[in-house]
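# Structural description and commentary
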Amino acid sequence: EAGVLPVACPPVMQFVNRVRHAETRDGTGFKVGDFGTGGRRYRRVQRRRAGGQLVAYGGCGWWGCVAMVAVAQGVLLWVEYGLQAELSVLYEARTLAKTLPNAVAMPENQGKLVHVSTGKTGLDFMGSAYHLKDDLLGLYFSARDITARRVPEYCQWSEIKHVLDRVIGREPDYCTATNAAGCTSSCASLSASSCSRGGRGEGGGPCCTLHRGADIIEQEVSFSYHKAWRPHRINSLLFDNAITYHNPSRDPAPPVEHITSADVVMEPTADSVSTLTVQVQHILSSATPWASALLPPDAHKNVSGAALSAGFYEVDHMFYHSRVSADGAESFLAGAGKAAAAYLLEGVVDVNTIARGIGLESLLDRAGLGWITRGTCNAGDVRVHFETRQLPAALTVVGDQEGQYVAPHTYSNGQVRLLVLPSVESLDTFVHTTSQQARRGAYLNRFLVFLLVVAAFYTGGDGTRLSKTGPRWARGPLDA
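Residues numbered from 1 in each chain as written. Predicted model: local features only at pLDDT ≥ 70, side-chain atom pairs only at ≥ 80, totals over all residues. Heavy atoms only, no water.

### Side note on the overall build of the chain
As a reminder of what qualifies: Helical segments are the DSSP runs of H or I of at least four residues, strand segments are the runs of E of at least two, and each set is numbered from the N terminus. Only protein chains enter the area calculation, which uses a 1.4 Å probe; residues under 20% of their type maximum are buried, those over 50% are exposed, and those in between are partly exposed. In short, Shrake-Rupley with a 1.4 Å probe defines the accessible areas, and a residue's cover is counted only from the protein chains shown.
The secondary structure content of the chain amounts to eight helices and 28 strands. In the chain, which comprises 480 residues, the proportion classed as buried is 41%. Split by element, the accessible area of the chain, about 25,500 Å² in all, is 59% carbon and sulfur.

In structure tokens, the structure reads:
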């Protein structure tokens, strides 16, 4: 409707809608440290109808309900099929697998399904295998790390929208016809005080009914801003104050994940030729949880030239830092131009840039208070840390012995699996533990299917429910 901000509209169209359909009140915003406010407020006056109304919500209809139930049935069939397939695999493994006394490859076990466990594991770095390394930042990882990922964080401004509704008046009450049988009077011409005298119909019911006038609402929209380290970049071009709160779009160290090429040795010994091994991709699900990696004291010595060119000059116990200068204002003239543009175009006083230009920030730095105007970081700064997953200390696997490797087995139901647990377990305990995990997952999925069915019936039908508030916004003469 005219004069209403569409909630689902893209931010750009919201900005256009504000400029076209709302009165802009110029004010003064301030940017200090990690916080700021916008220099504009948007005002509109609208009507909000009062009283109970029959309104529609949900709106799936019966066909939508049938479709959701069909989807729930399909998901339930998939869950039950997966559970039965898992239990079939485990039953076959318990029936056919041969338990080995130690993790040694014996010729008589070639091509057979074997169960082997060990409390001592290691990685085989022979041949072309190597320790994990991030080439950009030159960081080597531990000999037990089987996968590592680079996790960048970005210093970015975010925009927060504030909406304030104030009731500034109310329209007069009005009289309307009930359309009861036998009524001939015109109710629209009656005043609020005489509406009850509109007569009665054949059933004795009133011909006219009195409605409370709509509330007159003044809505004011404003914006505030917050700068912090975030796991993703934010497009500041869609901000209401895009000049003042600008996020540079730089990503010098994008996220990446490394996986070792070494094989997992079940029992590392001097005679590793006969020791059973497993390819690392088959045991990733049993690796330790992701944990942040601490950087060694000499981490700065191995940083590559590409990383130095991207500004990674600073290293602490956990992060590599690539900083930009002064939120993009690297000189006095650039800072003055930026502060002037922020005030003239968006009505924001950029205290950060002004304090830097007049030397106030350097004085605060001497007292250890430079963060007041500078904040915790500059928009565009990037810091990088690493997370790793390690090889479990113990391992139990069920699979085919193929040469020196324990490989996935093809079961009678067509599934190709290498069963793994990060602990030392007998075959019976292994099967019991794994089957219990499968059943718990099935119980959770059944509950989610139940919620989907409930949602289908709740939102199905004709979608008509009684609402106490009525439609949120109603068209009226003040919406023009």
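### Digging into unusual backbone geometry
Unusually for a residue other than glycine, N179 sits at a positive phi of about 60 degrees. Examined against the element boundaries, N179 turns out to sit in the loop between β12 (174–177) and β13 (208–211). By relative accessible area, which is 70% here, N179 ends up exposed.

### A few points about the pattern of salt bridges
Our working rule: The salt bridge definition used is simple: a Lys or Arg side-chain nitrogen within 4 Å of an Asp or Glu carboxyl oxygen.
On inspection of all chains with the given rule, the structure shows 17 salt bridges. Between D134 and R150 there is a salt bridge, with the nearest N and O atoms lying 2.9 Å from each other. Taken together, the residues span a long stretch of sequence, with D134 in strand β9 (residues 133–134) and R150 in strand β11 (residues 145–170) at a distance of 16 residues. Here D134 and R150 have matching classes, each one buried. Beyond isolated ion pairs, a larger network of salt bridges with shared partners links R41, R43, R166, E218 and E220.

### Quick word on the environment of V416
Selection criterion: In this analysis, two residues are considered to be in contact whenever any of their non-hydrogen atoms come within 4.5 Å of each other.
Inspection of the secondary structure puts V416 in strand β26 (residues 416–417). Residues V416 and V89 lie 327 residues apart in sequence; the distance between their C-alpha atoms is 9.5 Å. Every residue in contact with V416, bar those within four places of it in the chain, is listed here: P408, H409 and T410.

### Let's talk about the layout of surface pockets
Selection rule: Points on a 1 Å grid, built from protein atoms alone, make a cavity when a 1.4 Å probe fits but cannot get out and make a pocket when they are open with protein on both sides within 12 Å along at least 5 of 7 lines; residues with an atom within 4 Å of a point are the lining residues. Grid points are joined across faces, edges and corners, and a volume is the space filled by probe spheres set on the points. Polarity classes work like this: nonpolar for Ala, Val, Leu, Ile, Met, Phe, Trp, Tyr, Cys and Pro, charged for Asp, Glu, Lys and Arg, and polar for all others, with Gly in that last group.
By volume, the second largest pocket is sized at about 180 Å³. Taken together, the elements giving at least two residues each to the lining of the second largest pocket come down to β27 (419–421) and α8 (427–459). A per-element tally of the lining of the second largest pocket places α8 first, with four residues. Looking at the lining of the second largest pocket residue by residue, the classes come out as seven nonpolar, four polar and two charged.

### Some thoughts on the state of the cysteines
As a reminder of what qualifies: Throughout, a disulfide means two cysteine sulfur atoms within 2.5 Å of one another.
Here the structure, examined in full by the defined rule, presents four disulfides. Disulfide pairing is shown between C175 and C195; the S-S distance is 2.1 Å. What sets the handedness of the C175 and C195 disulfide is the S-S torsion sign, and at about 70 degrees it is right-handed. Taken together, the positions of C175 in strand β12 and C195 in the loop between β12 and β13 put the pair 20 residues apart, joining distant regions of the chain. Like C195, C175 is buried. Disulfide partners in the chain, listed by the sequence order of the bonded cysteines, are 1-8, 2-5, 3-6, 4-7.

### What to know about the environment of A299
Structurally, the position occupied by A299 is in the loop between β18 (291–292) and α3 (305–309). With 21 residues separating them along the chain, A299 and Y320 place their C-alpha atoms 9.1 Å apart.

### Some thoughts on the side chain of S304
In this structure, S304 sits in the loop between β18 and α3. S304 gets classed as buried once you look at its relative accessible area, which sits at 18%. Sequence-distant contacts of S304, defined by excluding residues within four places in its chain, comprise D135 and L136.

### Comments concerning the nonpolar core
To be explicit about the condition: Side-chain atoms within 4.5 Å link the members of a nonpolar core, which is a set of buried Ala, Val, Leu, Ile, Met, Phe, Trp, Tyr and Cys residues.
Ranked by internal contacts, the top residues of the largest apolar core, which has 21 residues, are V116, V264, M266, L276, V278, I283 and V397. At the level of elements, β7 (113–118) and β23 (395–402) are the ones that each hand at least two residues to this core. Apart from the residues lying within four places of it in its own chain, the contact partners of V278 are D263, V264, M266, I283, V397, V406 and L418. Core analysis: the second largest hydrophobic core is formed by 19 residues, A148, A253, A293 and L295 among them.

Functional significance is not addressed by these values, which are geometric in nature.
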